[in-house]
Amino acid sequence: MKKEEPLSQSDVKSDFKVERQKTLKEDRSRRKKQESENPSASSVSEEEAKIPNYDHIFDEELPKSKRKKGILRKFAKANAKPIIISTIVYFFQALPVWAIPICTSNMINIVTAIVESGFESQLMWYFAINVIVAVVSLFLNVPFTVLRWRIVSKMLRRTSAGLKSAVVRKLQHLSITYHKDMQSGKIQAKFLRDVESVDGLFHAIMFSFIPAIISVVVSSAISIYKNIYVSLFFLVVIPCNVWLTFAFRKKIRQTNKDFRVKTEDMSAQLTTMMEMTPVTKSHGLQSKEIATLNKSIARVTVSGYGVDRVNAYFGSWSYVIQNVLNLLCLVFCCFLAFNKVISVGEIVLYQSMFTSISGGISGLVGFAPTMGKGLDALSSISEIMTATEVENTFGKLKVDKISGDVEFKDVSYHYPGGKTDVIKDFSLKVERGKCVAFVGSSGSGKSTIMNLVIGLLTPTEGEIFIDGKPMKELDLINYRQNISVVPQNSILFSGTIRENITYGLEGYSEELLNKVVEMANINEFLKDFPDGLDTQVGEHGDKLSGGQKQRITIARALIRDPKILILDEATSALDNISEYHVQKAISASISGRTTFIVAHRLSTIRNADLIVVIENGKCVESGSYEELMDKKGKFYDLKSLSDINSKLAEDALS
């Protein structure tokens, strides 16, 4: 069969972009409809509408060397209006920094003139004007500070929400192979730590970087306008302050990194200790665990002492040099005043301008680590946002309902980067309502076939048909709303039994809920819980047994009334009693549905319409239970081995 040409990255990204725009349009229509039908939901929709869509910022493929700054420029462009307005507002907010030194200088000069020349009403009016300007500039600081805070805070909160929302959307569109290749811990770190670092970068830009630049530019402009000699002095002296920051920066970075690493190690050891608590207590190893953690705590303490020591040295030297430079500036200005180059009042002005320029430049130098950390975080997030392993549903056929006919036609599959097919030339036709069981040794390809049916994996060769339609032409999100999956490991979240069963459903009847509870044989243990369906299951369902959790998972699958039901080794991790109850629930649930079962215990599939034996990705045998046992082939051998293992286990326990 001719192999289909794969989509290029640009094709995938283009389709994904168009699909996203289409999805957003559908979401807006859905929200409007919900608001008209349910006014109480409008507040949620309004909050959602406030979150900007930043997917486009990561659309363009940039060279790695330019990606970080390119993305930052796009964020700046997307928020150009609030950035410009807040920058203008800052001029008025910071007006006292420049106005008061100028007014103070003028008032000192006026007093000096009055003392030397005598009282003049015109000078008093000039004095009064300077007092008024100084007072007004101070009071203007309050409204403009609040105004800038509102503009910047709203922009930063929206930007953070938009970035998080973009990552969440992309994670939902990425294929299952991407999630398997990328460890969940790394994804969580990118979503939490890296987004927080980017938030810190944006916050530093708005509240440190931009104000520092404005302070340096305005203060320098005032100094140059007033006296070029003083400006040249500033140009020579200020680099001394910058040098101090550079001298300590490496040591500060090293000590902070060491402290962070040791803190992370301590956190990891604490997590391990909590997970190992049952084992630790069972073996009486509490003292050993305490000693291990105490060593880690001691290392963090010593490292933290190193951070404090470096900060103390830096702070003290910074204080000394800053004041020495201020003293030099004062002596220089006094020298100029003695020689009639500047007035006495201008000494105060230049002292203030020097402090403003020096502080601004120190702030810019100190911004460098935050800039580096934030840009690295942006690059890390872009690894997710630019990933092309997406499920492409653009332009695909939507099916409201399916009947359940499934056909595999010459299907082969190998994982990305792999050379060996895990499924090879597999063909099978399953009529609606039939139950098909897959058996075989571990790694034979059974679960891969299930993932192909779900659409989590796409055949590298051949095709899968659903109700006669090629699966590759179906909208997978829409298709999966017609199927349900019961995995080997029950996946529950913190909440009630009711919430876990009805997960994702917007509306359901109590009659339907009670029906699936009965079908899943949940009533058998529900009577032991005073709160019934409203019983809290604990984190990951830890308050329930394995069999109880699995039956809740089955009920979750059944309440959706699926036409295709997939049971992937649903009883393999259970004891005999739990297996009995779960098997009873399965028997009640498969009637009238196309059912695919991956079986661990072969005795549980006796009533399947068809049993398919898989070996090395190929179908080596198929038929009913009786047919395969009479044939005495591969299934017979597997069944005999299974019975022997069960007998050995029973003998070992007796």
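On a predicted model such as this, the values are computed, not experimentally measured, just so you know.

This next bit is on the nonpolar core. By size, the foremost hydrophobic cluster in this structure holds 59 residues, and its most contacted members are Phe 58, Phe 75, Ile 205, Phe 234 and Ile 381. Contributions of two or more residues to this core are made by α3 (64-78), α6 (121-173), α8 (184-226), α9 (228-275), α11 (286-338) and α12 (345-385). Counting residues in each nonpolar core, the second largest holds 36 residues, with Ala 520, Phe 525, Leu 526 and Ile 586 among its members.

Here we come to α12. In this model α12 runs 58 Å from its N-terminal to its C-terminal C-alpha over 41 residues, within 8% of the 60 Å that 1.5 Å per residue would give. Roughly 30° is the biggest bend found in α12, and it falls at Ala 368, with proline Pro 369 one to four residues downstream.

What follows is about the sheet that holds strand β8 (residues 594-598). Backbone hydrogen bonds hold the strands of a sheet together, and the pairing may be parallel or antiparallel. Reading across the sheet, the six strands line up as β6-β7-β8-β3-β9-β10 and stay open at both edges, with mixed pairing between neighbours. Looking at the sheet topology across the chains shown, the edges are occupied by β6 (483-486) and β10 (618-623). On average, adjacent strands in this sheet sit at an angle of 15° to one another, irrespective of strand direction. Here strand β3 (residues 435-439) runs beside strand β9 (residues 610-615); their pairing, made up of four bridges, is parallel. If you follow Val 439 over to β9, its bridge partner there is Val 613. The sheet contacts of helix α13 (residues 446-454) involve β3, β6, β7 (564-568), β8 and β9, and relative to β7 the element is tilted by about 155°. Running at roughly 175° to β6, helix α18 (residues 546-558) makes contact with β6 and β7 of the sheet.

Running from N to C, α11 and α12 point in directions that differ by 150°, and their axes come no closer than 10 Å. The angle between α11 and α12 places the two elements in the roughly antiparallel class. Note that α11 runs across α12; the crossing there is right-handed. Taking contact as the criterion, the partners of Gln 322, Leu 325, Asn 326, Cys 329, Leu 330, Cys 333, Cys 334 and Ala 337 in α11 are, on α12, Ile 347, Tyr 350, Gln 351, Phe 354, Thr 355 and Ser 358. Taken together, the residues of the contact of α11 with α12 sort by class into nine nonpolar, five polar and no charged.

All right, on to the confidence of the model for the chain then. On average, residues of the chain score 79 in pLDDT, and 81% of them are at 70 or above. Low pLDDT, under 50, characterises residues 19-49; the predicted model gives this stretch 14 contacts beyond four residues in sequence or across chains. The model gives residues 647-654 a pLDDT under 50, and that stretch makes zero contacts with residues more than four places away or in other chains.

Rules used throughout
Chains are numbered independently. Their residues run from 1 in the order of the written sequence. Local features in a predicted model are, by the rule used here, given only for residues with pLDDT of at least 70; side-chain atom pairs are given and counted only at 80 or more, and totals for whole chains, interfaces and linings are based on all residues. Hydrogens are left out, water is left out, and the side-chain values use all remaining heavy atoms of the structure. What makes a nonpolar core is a set of buried Ala, Val, Leu, Ile, Met, Phe, Trp, Tyr and Cys residues whose side-chain atoms join them at distances within 4.5 Å. Three exposure classes are used, based on accessible area relative to the maximum for each residue type with a 1.4 Å probe and protein chains only: buried under 20%, partly exposed in between, and exposed over 50%. Secondary structure is summarised from DSSP: a helix means a run of H or I of at least four residues, a strand means a run of E of at least two, and numbering begins at the N terminus for each. Expected helix span is taken as 1.5 Å per residue step, with the number of steps being one fewer than the number of residues. One fitted axis covers the seven residues ending at a residue, a second covers the seven starting there, and the bend at that residue is the angle between these axes. The rule for pairing is simple: two strands pair if DSSP sees at least two bridges between them. Here, axes are lines fitted to C-alpha atoms. For helices the fit covers the stretch in contact, and angles between N-to-C directions go from 0 to 180 degrees. Should any heavy atoms of two residues lie within 4.5 Å, those residues are considered in contact. Roughly parallel refers to an angle under 35 degrees, roughly antiparallel to one over 145, roughly perpendicular to one between 65 and 115, and oblique to any angle outside these ranges. Two helices that cross are described as forming a left-handed crossing if the nearer one is turned anticlockwise from the farther one by less than a right angle, and a right-handed crossing if clockwise. For this classification, Asp, Glu, Lys and Arg are treated as charged, while Ala, Val, Leu, Ile, Met, Phe, Trp, Tyr, Cys and Pro are nonpolar and the rest, including Gly, are polar. As a per-residue measure, pLDDT tells how confident the predictor is, with possible values from 0 to 100.

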